[in-house]
Amino acid sequence: MLDQAQRLRQMAGENSDNDAQNKPRIITVTSGKGGVGKSNIVVNLSIALQKMGKKVMIFDADIGMGNDDILMGCSSKYNVFDVIFNNKEIEEVVLTGPFGVKLLPGGSALTKVEDLTEVQRNLFLDKLTALTGLDYIIMDTGAGVNKSVLGFIACCDDLVIVTTPEPTSLTDAYSLLKAVKHFNIKNSAKVIVNRSLDNNEANITFKKFNNAVVKFLNMELYYLGKIGEDRKLSYAVRAQQPVIVSYPGSEAAHDINKIASEINGIKSKPSGIGLEGLFKKMFSIFS
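Residues numbered from 1 in each chain as written. Predicted model: local features only at pLDDT ≥ 70, side-chain atom pairs only at ≥ 80, totals over all residues. Heavy atoms only, no water.

Enquirer: Just to check I follow, could you spell out the nonpolar core for this structure?
Expert: Here is a general trend for soluble globular proteins: nonpolar side chains tend to be buried in one another's company. Of all hydrophobic cores here, the largest spans 57 residues; its most connected members are Phe59 and Leu177. Listed in part, the 36 residues of the second largest apolar core include Ile47, Leu49, Val101 and Ile244. (Core = buried A, V, L, I, M, F, W, Y, C linked by side-chain atoms within 4.5 Å. Buried < 20%, exposed > 50% of the residue type's maximum accessible area, 1.4 Å probe, protein only.)

Enquirer: I would appreciate a short explanation of unusual backbone geometry in the present structure.
Expert: A positive phi is found at Asn184, a non-glycine position, where the angle reads about 55 degrees. With respect to the secondary-structure elements, Asn184 resides in the loop between helix H8 (167–182) and strand E7 (188–196). Phi at Asn218 is positive, roughly 55 degrees, even though this residue is not glycine. When you line up the elements, Asn218 lands in the loop between helix H9 (199–217) and strand E8 (220–228). Residue Asn218 is classed as exposed on the basis of its relative accessible area, which comes to 60%. (Helix = DSSP H or I, 4+ residues; strand = E, 2+ residues; numbered from the N terminus.)

Enquirer: Explanation requested: the pattern of salt bridges in the structure shown.
Expert: Think of it this way: side chains of opposite charge can pair up when their charged atoms draw near. In total, this model carries seven salt bridges according to the counting rule given. When the shortest N-O distance is used, the salt bridge between Asp158 and Lys190 registers 3.0 Å. Separated by 32 residues along the polypeptide, Asp158 in strand E6 (residues 158–163) and Lys190 in strand E7 bring together distant segments of the chain. For Asp158, a relative accessible area of 7% translates into the label buried. Here Lys280 ties to Glu276 by a salt bridge, and the two come within 3.6 Å at their closest N and O atoms. Of this pair, Lys280 and Glu276 both sit in helix H13 (residues 274–286), separated by four residues, roughly a single helical turn. One salt-bridge network, in which partners are shared between bridges, spans Arg25, Asp158 and Lys190. (Salt bridge = Lys/Arg side-chain N within 4 Å of Asp/Glu carboxyl O.)

Enquirer: How do you make sense of the packing of H8 against H9 when you look at a structure like this?
Expert: The axes of two packed helices give the description: the angle between them and the distance between them. At a minimum axis separation of 11 Å, H8 and H9 run at an interaxial angle of 30 degrees. Relative to H9, H8 is oriented roughly parallel. When you trace H8 past H9, the crossing you get is right-handed. Contacts between H8 and H9 involve Leu170, Ala173, Tyr174, Leu177, Lys178 and Lys181 on the former and, on the latter, Thr205, Phe209, Ala212, Val213, Phe216 and Leu217. (Axes fitted to C-alpha atoms, helices over the stretch in contact; angles between N-to-C directions. Parallel < 35°, antiparallel > 145°, perpendicular 65-115°, else oblique. Left-handed = near helix turned anticlockwise from the far one by under 90°. Contact = heavy atoms within 4.5 Å.)

Dropping the structure here:
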């Protein structure tokens with residue numbers, strides 16, 4: 001992993017001001033460990049932003065383990081692999097979920113980037129031009145500290161860490177940020193506390209986490225909000241429906257809408273790389 005440090009720093013620092021206002025904001029949502037509800041949050045948050053009038057596409061970047069299509073109630077027949085290697089058009093691969101949210105399944109394509117020819121890369125990038133008018137690209141990564149997760153973090157405008165109040169979740173989230181800081185990929189991150197019993201527990205959790213990160217890592221954290229422990233979430237997952245669609249009046253849906261409003265209100269400048277630039281960075285990092 002050490003030999004990736006310089007490349008990750010370069011990728012994180014390559015920001016272009018050209019037409020930035022016309023490019024989608026790229027958000028990477030990740031976690032230190034699995035099972036914290038990260039993918040569920042990505043799907044519901046994307047729908048909440050879409051309902052606010054934004055155009056959102058999810059890139060399911062959990063290589064080999066993506067399940068965002070199931071959470072959206074869709075069926076993913078193809079993925080990025082098929083665009084690159086099986087001559088599929090991007091329109092054949094992208095799914096449309098509730099309220100028009102787009103989903104681009106990642107599959108295992110990025111594990112094969114080293115085998116791509118320059119012609120294959122350019123053809124894929126050309127096909128991406130069919131996807132226009134996006135306001136947000138939200139990348140749902142795998143969990144933990146590894147090359148792929150750090151690579152996706154290096155590609156984004158905003159890093160969002162999902163944790164729960166459980167000590168193991170906080171410890172693993174801290175370990176992830178420690179790696180991010182070690183490789184000088186990002187100096188700040190946003191935090192969502194999932195499965196909190198109430199606002200008080202969520203606030204205490206963030207404060208404890210923030211104190212450790214500021215003291216030992218010298219990173220800035222921004223609290224996006226909490227999502228309370230809500231049985232309606234479990235019901236929605238079993239029905240393969242996002243909770244914000246099946247139970248719009250639930251506590252979880254209310255919390256998700258608040259977080260979406262927070263994200264929508266952030267006015268910091270996006271990198272301006274767009275979807276094509278995002279994949280160029282990925283190809284460079286994963287080669």
